[in-house]
Amino acid sequence: MSKEVYIQTPVSFEDVSSLEIGDIVYITGRVYTMRDMGHERALKMLKNKEKLPFDLKNGILWHCGPIIRQKDDKWEVVVAGSTSSSRFTQLTAELVKLTGLRCVVGKGNMGAEMVNAGKRYGAVYLISTGGAASLYANSVEEVEEVHWLDLGMPEAIWVMRVNELGPLIVGIDTQGNSLTNKTMAEVTTKLNQIARKSGVDLSKTYVWWPKQKTIGSEKFY
Amino acid sequence: MITAELIEEVATKLFRNAATTLPEDVIEKIKESHKNEMSPIAKAHLEAIIKSVEIAKKRGKPLCQDTGIPYFFVKMGLSVRIQGDLEKAISNAVMKVTKELPLRENVIHPLTKANTGTNTGWGVPHIHYEVDPSSDFIEITAIPKGFGSEAKSSLVWITTSHDIPEAITRCVLDQVVAAGGDPCPPTIIGVGVGGFADTALNLAKKALFRNPIGSHHPDPLVAELEDRIFKAVNSTGIGPMGTGGETTVLAVHVEISGSHTAVVPVGITFQCWAARYSKAVIYNNGEVRYLTHSELGEK
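Residues numbered from 1 in each chain as written. Chains lettered and ligands numbered in written order. Predicted model: local features only at pLDDT ≥ 70, side-chain atom pairs only at ≥ 80, totals over all residues. Heavy atoms only, no water.

Turning next to the overall build of chain A. Helix and strand counts for chain A come out as six helices and 10 strands. When its C-alpha atoms are laid out on the principal axes, chain A stretches across 60 × 40 × 35 Å. Relative to its 221 residues, chain A shows a buried fraction of 56%. The contacts in chain A between residues at least 6 apart in sequence include a share of 62% that link residues at least 24 apart. Summed over its atoms, the accessible surface of chain A is roughly 9,900 Å², and 47% of this surface lies on carbon and sulfur atoms. (Helix = DSSP H or I, 4+ residues; strand = E, 2+ residues; numbered from the N terminus. Buried < 20%, exposed > 50% of the residue type's maximum accessible area, 1.4 Å probe, protein only. Contact = heavy atoms within 4.5 Å. Areas by Shrake-Rupley, 256 points an atom, 1.4 Å probe, with all protein chains shown as cover.)

The following block contains the structure:
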């Protein structure tokens, strides 16, 4: 049964190691947004032994490209929600290893590299509700800093102070469990039964083009 | 006669409204699915969705930070006369809403990645025209089409040696399982069957915005297929956001077209739960009726 947990930054190993997949988490403190181009630049710098202009150790990374506007001297968050995290599986896993990041907030599935990194380095992946960007934006109290604005508004690193950002579902815990993998494994075991009920033959090749193994996941063929 | 100024005014209202407010039938469908869910995780997602929809509407802010790429369906009555440039009017509307609301600047050059910052350029906003020879109005549907779901679209070709509804059910089931939580379920599935490659995908896209959501195709054979696919994909247990639950899709809409005797193209598209669109008709005498959002009233 899932439990409700409130976490504050900086996040310790103890904070995340007690989390289990399916727990519902709310975050208070500082989060750093990062998307495709931010990952690319951060990893390039770290590989060149350069120091990042922000410290991710014991921190929280958010796969988020917000809409932000400048009002007087301040940045105002219009809406902020998660982007699909499956694009960043390898990249974020590498960042966890190199920076000591503790929590990653995103949406959808993150693959095996992130499961391994979570277990090895003590980090978790938290699944937000995709599209519920108005709700999450409501938890943002202030934009503290912005880095790499030259990458464009969605791609820049926005440092935000949040108050009870959530609900976030623990998708990957520090024990090597993945909620989406577990869900999809259950789906797979049901597929034969679903196919039979809906009058579909899983052993048949129905499709002429593209060659069938390229549609969807090969596992299902 | 309909002026370009009026079209720009209506398109601005529609596009702004589409980005901030879900059509009433869609939010009702989401609330219905919330009642049916048993798992606390699925319930938490759906509660977050329902709350977020209310906040966005109240604050007049975009519902999702991915405000997509602007897509417009325009159905032209042939007895309508337009004064001025319709495409420029729609383009102006997109630029205005992008700046004022604001929307995220999403449109880039497909090769250089250069961003105009206006959500227009290189053929965007995309306008899909249809002609209606008998009517005296134009119907405009404004869609900020998000790409998490769009990027899960696909096209398959089924040989006619098979039972086609059976084959389609299999293909959609495969796509839904392969997509998992990525297209932000609960989704709407649009399926376009027949015609050419482009026809099938176009019908599939059109099917996504059927109003009201979950209503059936008038052809009972097609309606039966919609039911069959709906039951199959909702029994997977993928659930909201792919973290398990009863509601994987909110609706399945199928559209058809005549097809070749050898192969049938099947376009499969996804729309995330945030099925944002807004529709109006403008009559030749300048009268405007808003069809999806009662709060926009009449003019």
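Bringing the packing of helix α2 (residues 36–47) of chain A against helix α3 (residues 89–99) of chain A into the picture now. For any two helices packed against each other, one specifies the crossing angle of their axes together with the interaxial distance. Residue and element names in this part refer to chain A. With their axes 10 Å apart at the nearest point, α2 and α3 run at an angle of 40° to one another. With respect to each other, α2 and α3 are oriented oblique. Taken as a pair, α2 and α3 cross one another with a handedness that is left-handed. Residues His39, Ala42, Leu43, Leu46 and Lys47 of α2 form the contact with α3, whose participating residues are Leu91, Thr92, Glu94, Leu95, Leu98 and Thr99. (Axes fitted to C-alpha atoms, helices over the stretch in contact; angles between N-to-C directions. Parallel < 35°, antiparallel > 145°, perpendicular 65-115°, else oblique. Left-handed = near helix turned anticlockwise from the far one by under 90°.)

Turning our eyes to something else, we now look at the pairing of strand β8 (residues 249–256) of chain B. Residues and elements named next belong to chain B. Of all eight residues making up β8, six are buried, and the element is well covered by its neighbours. Pairing of strand β7 (residues 187–193) with β8 involves seven bridges; the strand directions are parallel. When the sheet's bridge partners are listed, Val193 is paired in β8 with Ile256. (Pairing = 2+ DSSP bridges.)

This part is about the domain arrangement of chain B. All names here are of chain B. You can read the domains of chain B as domain 1 (2–21 + 62–145 + 276–296) and domain 2 (148–271). With 10 residues of domain 1 at the contact, the number on the domain 2 side is 12 residues. There are five residue pairs in polar contact (both at pLDDT 80 or more) connecting domain 1 and domain 2. Residue composition of the side of domain 1 that touches domain 2, grouped by class: four nonpolar, two polar and four charged. (Domains from an automatic or database assignment. Polar contact = N/O pair within 3.5 Å; in protein donor to acceptor, adjacent residues only side chain to side chain. Nonpolar A, V, L, I, M, F, W, Y, C, P; charged D, E, K, R; others polar.)

To continue, consider unusual backbone geometry. For the bond running from B:Leu101 to B:Pro102, omega is -10°, close enough to zero to count as cis. Mapped onto the elements, B:Pro102 comes out in the loop between α4 (86–100) and β4 (126–132). The omega torsion of the bond from B:Val124 to B:Pro125 falls at 5°, within 30 degrees of zero and hence cis. Structurally, B:Pro125 can be placed in the loop between α4 and β4. The backbone of A:Asn58 sits at a positive phi, close to 55°, despite the residue not being glycine.

What follows is about the packing of aromatic side chains. Residue and element names in this part refer to chain B. This structure, assessed with the given rule, holds eight aromatic pairs over all chains. Ring centres of Phe209 and Tyr277 lie 5.4 Å apart, and the angle between their planes is 70°; on these two criteria the pair is classed as edge-to-face. Taken together, the residues span a long stretch of sequence, with Phe209 in the loop between α7 (197–208) and α8 (220–234) and Tyr277 in the loop between β9 (263–271) and β10 (278–283) at a distance of 68 residues. Neither residue differs from the other here; Phe209 and Tyr277 are each classed as buried. (Phe/Tyr/Trp six-rings, centres within 6.5 Å; stacked < 30°, edge-to-face > 60°.)

This part is about the pattern of salt bridges. Residue and element names in this part refer to chain A. Following the criterion strictly, the structure yields 21 salt bridges over all chains and no others. With a shortest N-O distance of 3.2 Å, Arg35 and Glu155 are connected by a salt bridge. Residue Arg35 is located in the loop between β2 (24–33) and α2, and its partner Glu155 is located in the loop between β8 (140–147) and β9 (157–172); the two are separated by 120 residues in the primary sequence. An identical accessibility class is assigned to Arg35 and Glu155; each is buried. By sharing partners, the salt bridges in this structure join Arg30, Lys74, Glu141, Glu142, Glu144 and Arg161 into a single network. (Salt bridge = Lys/Arg side-chain N within 4 Å of Asp/Glu carboxyl O.)

Another aspect to go through is α7(B). An α-helical turn contains 3.6 residues, so a residue and the one three or four places further along point in the same direction. With 12 residues, α7(B) extends 17 Å between its outermost C-alpha atoms, agreeing within 8% with the 16 Å of an ideal straight helix rising 1.5 Å per residue. Regarding α7(B), the residues found buried are B:Ala200, B:Leu203, B:Ala204, B:Lys205, B:Ala207 and B:Leu208. (Expected span 1.5 Å × (residues − 1).)

Let us look at the interface of chain A and chain B. Each side of the interface is counted separately: chain A has 60 residues, and chain B has 54 residues. Regarding the contact of chain A and chain B, the summed buried area is about 4,700 Å², with carbon and sulfur atoms giving 63% of it. Along the contact surface separating chain A from chain B lie one salt bridge. Our count for the contact surface shared by chain A and chain B stands at 23 residue pairs in polar contact (both at pLDDT 80 or more). At the level of elements, β4 (67–71), β5 (74–79), α5 (133–138), β9, α6 (179–197) and β10 (207–209) of chain A are the ones that each hand at least two residues to the side of chain A that touches chain B. Broken down by element, the side of chain A that touches chain B gets its largest block of residues, eight residues, from α6(A). Tallied by class, the residues present in the side of chain A that touches chain B amount to 30 nonpolar, 23 polar and seven charged. (Buried area = accessible area lost by both parts, 1.4 Å probe.)

Another point: the domain arrangement of chain A. Entries for chain A in the domain assignment read domain 1 (4–177) and domain 2 (181–220). Its C-alpha centre places domain 1 of chain A at a distance of 34 Å from the equivalent point of domain 2 of chain A.

All names here are of chain A. Here β9 lies mainly inside the structure; 13 of its 16 residues are buried. Two strands pair when backbone bridges link them, and β2 and β9 are joined in this way by seven bridges, in the antiparallel orientation. What sits directly across from Arg30, in β9, is Arg161. In this sheet, β9 lies alongside strand β7 (residues 124–127) in antiparallel orientation, the contact comprising three bridges. From the neighbouring strand, Ile127 faces β9, where its bridge partner is Ile169.

To continue, consider α6(A). The terminal C-alpha atoms of α6(A) lie 26 Å apart, and with 19 residues this matches the ideal 27 Å at 1.5 Å per residue to within 8%. Residues of α6(A) that are buried include every one of A:Leu179, A:Thr180, A:Thr183, A:Met184, A:Val187, A:Leu191, A:Ile194 and A:Ala195, and no others. Buried positions along α6(A) lie against β7 and β9 of chain A together with α3 (40–59), α6 (164–179) and α8 of chain B. A positive backbone phi angle near 65° is found at A:Gly199, which sits one or two residues after α6(A).

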